[in-house]
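The residues making up each chain are set out below.
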Amino acid sequence: MTDKYTAVAEKTGMKLKFDPSMLRQKYDFERDKRLREDGSGQYKEIAGQFQHFIEDPYVDPAFKREPLFDEVDVVIIGGGFGGLLAGARMREAGVKNIRVIEKGGDFGGTWYWNRYPGAQCDIEAYIYLPLLEELNYIPRERYSHAPEIMAHTQAIGRKYDLYDDVCFQTEVTGMEWDEKSSRWTVSTNRGDKMKARFVAMSNGPLNRPKLPSMTGIENFKGHTFHTSRWDYDYTGGTCEGNLTGLADKRVAIIGTGATAVQCVPHLGEWAKELIVFQRTPSSCDIRKNAPTSPEWEKKLQPGWHKKRVENFNVMVSGGGQETDEVADGWTDIFRNMNAQMSQNPGMVLSKEETNILNEITDFIKMEEIRDRAATIVKDQATAEALKPYYRQFCKRPTFHDEYLFAYNRPNVHLVDTRGKGVDSITEKGVIYDGVEYEVDCIIFATGFEVGTNYTHRSGYDIVGRGSVTLSEKWAEGPRTYHGFFSNGFPNCFFMGMIQTGATANFTHMLNEQANHIAYVVNRALTGKIKSVEASRDAEEAWVNEVRDYAKLGDDYFASCTPGYYNNEGKPEISGNGFLTGVYGGGPVKFFKILKDWRDEGAMRGLQVA
Ligand code: NDP
């Protein structure tokens, strides 16, 4: 009998070297092994006796300053790309009085914290680094390493005078709306109680490191840290490697996500012995980094950056483009699918057939990735364990030219926990399957808190109109209009992943959001508007639209191996999930909604006073 895959393959003239139905069964089997009742509850919050895991290793802890009780037009919470873009776009719109509040000791956000060896951006630098034309800057290589990215965040801070009134090493502890003055009071851990007409919040979707809730972490007598607080005093070296402090150390790393993929080659090179504890393998595709070509650079015409950013966005959203300008591992599936369609001009596929074609193209890509592991890794059992069996975008795809090779080193060992994870930690090391692996150092590459509610992740609550808190209002999930505005919380703008059109290139999404917020703030400041806030109706309609779309994505996410993309195997539509809470109409449609809304100029859906 012809199955659904064979039917579509035949219709589109594809000759497959594998059996798609068998692969689907294998994917389901691998997913089922990993599904667990506790979902996101399997992780522990870093607090109390684990607090040292999140202390800032890059600043002087004795830093002190006088508290602030003054007033500014705009407070921006977060000094990563989101906050910087909001600041830049507001400056361009003429806003003078801006103060950024940032927990770290400088700008950079995720790139401030993540300085582990090998840290690099997987998205092409020519589209990932924002404001390139404004800063007249061309990245040095196709995929930037962390120091260049952090330097770029600092350059943005300087260019837009955002250092002038910044509060570093400062954490917001609360925000309260004052009805009489139409001002927010923003409180911090440095005793500040500053007033602001507007607050834009870009707290970052992956800002709180997390640990697995296994027993015994506190008993470990060796050295331990999380990858987002890399301890170079212990390992020696820098972001570029040279980890000489590990020459006589046995090191364990727990986790094999995008972070581990980048630091394992350095650990393997320098540690006496490295044991990598894997639960689910990452898909690891070719990196193919290269220095920027001066010839290519010379040919760039004004407006090139926006064009390239948008071209990538349309490609990874499944849309057609004459050329795939970036043409890398992110756009492969879509480029291959478009190529397949163009070989059959005039062919019409139903929505279901298109989805099946997409799945077949995904199988082809993932077969390539599995073959890559088999070709590179010499020990066949290790190679087999490193093969990912799930669709490419079920988890964050990774791209690296040395990761798989690291397993050919005699001092590097993979302990594949077959989806179960490490059992516990002892005084001496790590236990899996009854075996104790004694080590000097345990590095947690176990990622960041996702799937909890917004106020928990941001670390403060917001008291809006009528003393209602945001945690109360969002008890059943976020409620926004276009992701930015929430009724009862005037002049307060959310940036990030909530009910918004998200794209793989985060800085593109943040730039669109920054433009939108800057427009609203500018309208309010120039139009003598005291407050803007989502109307109940507009908010209700948007929440319903987001949830309706989320239902459509349910099958896809349910078929995925667990991870933070699908709320650890429990896709839900309330909206706290990383991807399950975004606007399912996609970024291309969403950015157009925003542009049309601004062009209309009526501030539709907002209550303006
Ligand atoms: P992730 O959440 O992606 O990975 C955490 C890892 O820890 C997973 O491999 C997970 O396994 C594993 N893990 C969790 N619990 C256990 C356990 N009990 N035993 C063994 N293993 C366990 O975190 P990362 O820091 O790697 O990456 C976070 C995100 O940061 C990325 O997804 C990406 O968005 C971003 N990033 C971006 C980069 C870039 O190039 N732009 C580079 C690095 C990170 P399992 O998969 O089974 O859950």
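A quick note: this is a predicted structure, and the numbers were derived from the prediction, not measured. (Residues numbered from 1 in each chain as written. Predicted model: local features only at pLDDT ≥ 70, side-chain atom pairs only at ≥ 80, totals over all residues. Heavy atoms only, no water.)

Q: So what exactly am I meant to see when it comes to the site of the ligand here?
A: Lining the immediate surroundings of the ligand are 26 residues, of which Asp122, Thr259, Thr280, Lys395 and Tyr564 lie closest. Protein coverage of the free-state accessible area of the ligand, which is 920 Å², stands at 90%. Per element, the largest residue contribution to the shell around the ligand is three residues, and it comes from helix H8 (residues 258-270). A per-class count over the shell around the ligand returns 12 nonpolar, 10 polar and four charged. (Near = heavy atom within 4 Å. Areas by Shrake-Rupley, 256 points an atom, 1.4 Å probe, with all protein chains shown as cover. Helix = DSSP H or I, 4+ residues; strand = E, 2+ residues; numbered from the N terminus. Nonpolar A, V, L, I, M, F, W, Y, C, P; charged D, E, K, R; others polar.)

Q: Looking at this model, I keep getting lost on the packing of aromatic side chains. Mind explaining?
A: The geometry of an aromatic ring pair comes down to the distance between the two centres and the angle between the two planes. Taken as a whole and assessed by the stated rule, the structure comprises 37 aromatic pairs. Where Tyr519 meets Trp597, the ring centres are 6.1 Å apart and the plane angle is 70°; that geometry is what we call edge-to-face. Taken together, the residues Tyr519 in helix H17 (residues 506-526) and Trp597 in helix H20 (residues 587-600) connect sequence positions 78 residues apart. A centroid spacing of 5.6 Å and a plane angle of 80° characterise the contact between Tyr556 and Phe557, whose relative ring orientation is edge-to-face. According to the relative accessible area criterion, Phe557 is buried, its value standing at 13%. Positioned above the aromatic ring of Tyr389 is the side chain of Lys26, whose terminal nitrogen or guanidinium carbon lies 4.6 Å from the ring centre. For Arg115, the ring lying beneath its charged end belongs to Tyr58, and the centroid distance is 3.6 Å. (Phe/Tyr/Trp six-rings, centres within 6.5 Å; stacked < 30°, edge-to-face > 60°. Buried < 20%, exposed > 50% of the residue type's maximum accessible area, 1.4 Å probe, protein only. Lys NZ or Arg CZ within 6 Å of the ring centre and 35° of its normal.)

Q: Explain the environment of Gly303 to me, please; I cannot follow it from the model alone.
A: Mapping Gly303 onto the fold places it in the loop between helix H9 (294-299) and helix H10 (304-316). For the pair formed by Gly303 and Glu133, sequence separation is 170 residues and the distance between their alpha carbons is 7.8 Å.

Q: How should the environment of Ser471 be read in this particular structure?
A: With respect to the helices and strands, the residue Ser471 is situated in helix H16 (residues 470-473). With relative accessibility at 30%, the residue Ser471 sits in the partly exposed group. Between the alpha carbons of Ser471 and Val199 there is a distance of 17 Å; along the sequence they are 272 residues apart. Beyond its immediate stretch of four places on either side in the chain, Ser471 contacts Thr455 and Asp461. Here Thr469 takes part through its side chain, which lies 3.3 Å from a polar atom of the side chain of Ser471. (Contact = heavy atoms within 4.5 Å. Polar contact = N/O pair within 3.5 Å; in protein donor to acceptor, adjacent residues only side chain to side chain.)

Q: I would appreciate a short explanation of H20 in the present structure.
A: Spacing of three or four residues puts side chains on the same side of an α-helix, whose turn is 3.6 residues. Between its first and last C-alpha atoms H20 spans 20 Å; for 14 residues at 1.5 Å apiece the expected length is 20 Å, and the two agree. Among all positions of H20, only Pro587, Phe590, Phe591, Leu594, Trp597 and Arg598 are buried. Angular distribution of buried residues about the axis of H20 spans 120°; they occupy a single face of the element. Set apart from the buried face of H20 by more than 90 degrees, the exposed residues are Lys592 and Asp599. Close packing links the buried residues of H20 with H10, H17, helix H18 (536-552) and strand S21 (606-608). (Expected span 1.5 Å × (residues − 1). Arc of directions from axis to C-beta.)

Q: Got a minute to help me understand the pattern of salt bridges in this structure?
A: Pairing between side chains of opposite charge can happen when the charged atoms of each approach one another. Taken as a whole and judged by the stated rule, the model has 41 salt bridges. Between Arg465 and Glu533 there is a salt bridge, with its nearest N and O atoms 2.5 Å apart. On the criterion of sequence distance, the pair formed by Arg465 in the loop between strand S18 (461-463) and H16 and Glu533 in strand S20 (residues 532-534) is long-range, its members being 68 residues apart. Note that Arg479 is salt-bridged to Glu539, the shortest N-O span being 3.6 Å. (Salt bridge = Lys/Arg side-chain N within 4 Å of Asp/Glu carboxyl O.)

Q: What is the right way to look at the side chain of Asp73 in this model?
A: Relative to the elements of secondary structure, Asp73 occurs in strand S2 (residues 71-77). Of the side chains with opposite charge, Arg197 comes closest to the buried, unpaired Asp73, at an N-O distance of 4.6 Å. Those residues within four positions of Asp73 in sequence are excluded, and the remaining contacts are Val95, Asn97, Ala196, Arg197, Phe198 and Leu525. (Lys, Arg positive; Asp, Glu negative; His and termini not counted.)

Q: Please explain the state of the cysteines as it appears in this structure.
A: A covalent bond between the sulfur atoms of two cysteines is referred to as a disulfide. Overall, the coordinates contain one disulfide when judged by the stated rule. Between the sulfur atoms of Cys394 and its disulfide partner Cys560 the distance amounts to 2.0 Å. Measuring handedness by torsion sign, the sulfur bridge of Cys394 and Cys560 sits at about -75° and is left-handed. Within this pair, whereas Cys394 is found in the loop between helix H13 (380-385) and strand S12 (398-399), its partner Cys560 is found in the loop between helix H19 (554-558) and H20, the two being separated by 166 residues in sequence. Residue Cys394 is classed as buried on the basis of its relative accessible area of 2%. Sulfur of Cys121: no disulfide; nearest cysteine sulfur belongs to Cys239 and is 13 Å away. The thiol of Cys263 is not disulfide-bonded; the next cysteine sulfur, from Cys239, is found 10 Å away. A residue is classified by how much of its surface remains accessible, and Cys263, at 0% relative accessible area, is buried. (Disulfide = S-S within 2.5 Å.)

Q: Sorry if this is basic, but what is going on with the pairing of strand S10 (residues 273-278) here?
A: Counting buried positions over the six residues of S10 gives five, a clear majority of the element. Looking at chain direction, strand S9 (residues 250-254) and S10 are connected through five bridges and run parallel. Bridge pairing in S10 links Arg250 to Glu273. Traced from S9 through H8 to S10, the parallel crossover comes out right-handed. Inspection of the sheet shows S10 paired to strand S13 (residues 412-416) by five bridges, in the parallel sense. Among the inter-strand pairings, Val276 is bridged to a residue of S13, identified as Leu414. (Pairing = 2+ DSSP bridges. Right-handed = clockwise from strand over helix to strand, strands pointing away.)

Q: Any chance you could explain the nonpolar core here in plain terms?
A: The nonpolar side chains of a soluble globular protein tend to be buried, and buried together. Core analysis: the biggest nonpolar cluster contains 111 residues, and Met90, Trp230, Ile253, Val264, Leu267, Tyr407 and Phe493 have the highest contact counts within it. Considering each element in turn, this core owes the most residues, eight residues, to H17. Aside from chain neighbours lying at most four places away, what touches Met90 is Val74, Ile76, Val95, Ile98, Ala200, Ile517, Ala518 and Val521. (Core = buried A, V, L, I, M, F, W, Y, C linked by side-chain atoms within 4.5 Å.)

Q: Just to check I follow, could you spell out the packing of helix H2 (residues 20-34) against helix H12 (residues 351-376) for this structure?
A: A packed helix pair is summarised by two numbers, namely the angle formed by the two axes and the spacing between the axes. For the pair H2 and H12, interaxial distance at closest approach is 11 Å and the crossing angle is 70°. One finds that H2 runs roughly perpendicular with respect to H12. Residues Pro20, Leu23, Arg24 and Tyr27 of H2 touch H12, and the partners they reach there are Glu359, Phe363, Met366, Glu367 and Arg370. Tallied by class, the residues present in the contact of H2 with H12 amount to five nonpolar, no polar and four charged. (Axes fitted to C-alpha atoms, helices over the stretch in contact; angles between N-to-C directions. Parallel < 35°, antiparallel > 145°, perpendicular 65-115°, else oblique.)

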